[in-house]
Amino acid sequence: MNILFVLNGHKFVSYFYEPLAQYANSLGSEVDLVLPKFGKFNDSQWPLSSNKPSKIELVRNPFNLIGFLVEIFQRSFIPQKTDILHVVTTHMIFLCILRIAIRVEKFNGLFLMHFIGLGRYFGTKGVFPFVLKFFFKLIWKYRKKENVAYKCVYLNDEDLTFLKSIFGEKNIKYLKVPGAGVRLDQFEFNYVPIDQPLKLLFLGRLIKEKGIEKFLYLVDDLNNHTKFQVSCDIVGEFEDSAYKKKIMNLIQDLELKKVIRLIGGVEKPSKFYEAAHFFIFPSYYGEGVPTVLNESQYCGTPCLASDIAGCREAIENKITGYLVPSDQRNDWFNKFKEMAESKNYEKMCYAAHERVKEKFDAKKLAKRTIDWTIKEFEEFLVR
């Protein structure tokens, strides 16, 4: 059996393929990987030594019409031997369905659409998501139907509702897999008793939709309106220079230079999770199930996060962390105070760790995904 993974090149997406590829290979499947040349990825990350990832030409900006046309009509990147096409992220799924529909790609087999969150495409409001949904439904209507079985993996229930509005419920099966999970062997539990200063952490993509400003305003309020002393790390890479400048100016305007450290991107985030008292995640993005929330909780660090789809899957409210059902600055301040002053802080740390160990083990989630996919492929062969 030949499985081809197609990724968008973002380093965080690699979390979704590595355990899957390793488990599929252990079952005797031949596994290949395709990703854009610009992707932040090196061949040493590929878990299988027998082959190396193929690289394809893709433009970074999907909103550039000329660039997207180049993507559509570039040379074929799906080998004819492929039995299972496992495509991750909205952009790559849209591209592959379209290329197969217009016969740029010749594919017969099982097409697994793995949505890891609605993201910038469908997770925000405006004209663009509406137009994109229209075109997605259009290409789905005219997709190649003969000798192709379409399956869909989704991460949370709100995503499922949206995906059904595009693909419907006939001629497609859905499987819920709550995220990439946590590679338990790469992280350790470390209970950090409450003391001063409180160590706050944000880790992830430094983009507007992740709510970095909200994090800074929370720190400012804690400095000015409570007895708490705080020390904060922001770990990750800015993807836009203008946004980086905006954040740097805000840190200066709020006089937070002494309490905020901008760490940059890191390969091994475990030490930051393990040292923190609280993980702050004020995203208003189209989240799937944020891996960073589960990594943090496994390390024993409770999370304060937006009460949105994905975060609700990761956090059991007031048991393993707190959810904030508002984007109002004062609500974030009050929820943090409630969590930080809770007499159940230690219990929350242990509960967070145990819940992730039980529900979000990356190896178990990978096994569930691949076992289901192979079963569906075998049924496709005998139909």
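Residues numbered from 1 in each chain as written. Predicted model: local features only at pLDDT ≥ 70, side-chain atom pairs only at ≥ 80, totals over all residues. Heavy atoms only, no water.

(A) Summary view of the side chain of arginine 99. Tracing the backbone shows arginine 99 in helix H3 (residues 90-101). A relative accessible area of 0% means that arginine 99 is categorised as buried. In this structure, arginine 99 is in contact with Glu71, Ile72, Phe73, Gln74, Arg75, Ser76, Phe77, Val104 and Glu105, ignoring residues within four places of it in sequence. (Helix = DSSP H or I, 4+ residues; strand = E, 2+ residues; numbered from the N terminus. Buried < 20%, exposed > 50% of the residue type's maximum accessible area, 1.4 Å probe, protein only. Contact = heavy atoms within 4.5 Å.)

(B) Here's a closer look at the sheet that holds strand S11 (residues 278-281). Pairing within the open sheet is parallel, and its six strands lie in the order S10-S9-S8-S11-S12-S13. The open sheet has two edge strands, strand S10 (260-264) and strand S13 (321-324), and neither has a second partner. Ignoring which end each strand starts from, the neighbouring axes of this sheet average 20° apart. Sheet topology note: the strand S8 (residues 198-203)/strand S9 (residues 230-235) ladder contains six bridges and is parallel. Its bridge partner being in S9, lysine 199 is matched across the sheet by serine 231. Contacts from helix H7 (residues 212-225) reach S8, S9, S10, S11 and strand S12 (303-306), with the element oriented near 170° to S9. Against the sheet, helix H12 (residues 329-340) contacts S8, S11, S12 and S13, and its axis sits at roughly 165° relative to S13. (Pairing = 2+ DSSP bridges. Axes fitted to C-alpha atoms, helices over the stretch in contact; angles between N-to-C directions.)

(C) Highlighting helix H8 (residues 241-253). Relative to the 18 Å expected for 13 residues at 1.5 Å per residue, H8 spans 18 Å between its end C-alpha atoms, a close match to the ideal helical length. Considered for burial, the residues of H8 that qualify are Tyr243, Ile247, Leu250 and Ile251. In an axial view of H8, the angular spread of the buried residues amounts to 100°, which keeps them on one side of the axis. In H8, the exposed positions angled more than 90 degrees off the buried face are occupied by Ser241, Ala242, Lys245 and Asp253. Buried residues along H8 sit against H7 and S10. Near the N-terminus of H8, the side chain that reaches the backbone nitrogen of alanine 242, with its oxygen 3.2 Å away, is that of aspartate 240. With its phi angle positive at about 55°, glutamate 255 sits one or two positions after the end of H8. (Expected span 1.5 Å × (residues − 1). Arc of directions from axis to C-beta. Polar contact = N/O pair within 3.5 Å; in protein donor to acceptor, adjacent residues only side chain to side chain.)

(D) A look at empty space enclosed by the protein. Applying the stated criterion across every chain, the model contains two cavities of 30 Å³ or more. Taken as a whole, the largest cavity holds about 80 Å³ of empty space. For the lining of the largest cavity, the secondary structure elements donating two or more residues are helix H1 (14-26) and helix H14 (362-382). Residues belonging to the lining of the largest cavity are distributed by class as follows: nine nonpolar, three polar and no charged. (1 Å grid on protein atoms, 1.4 Å probe; cavity = no way out; pocket = protein on both sides within 12 Å on 5 of 7 lines; lining within 4 Å. Points joined across faces, edges and corners; volume = space filled by probe spheres on them. Nonpolar A, V, L, I, M, F, W, Y, C, P; charged D, E, K, R; others polar.)

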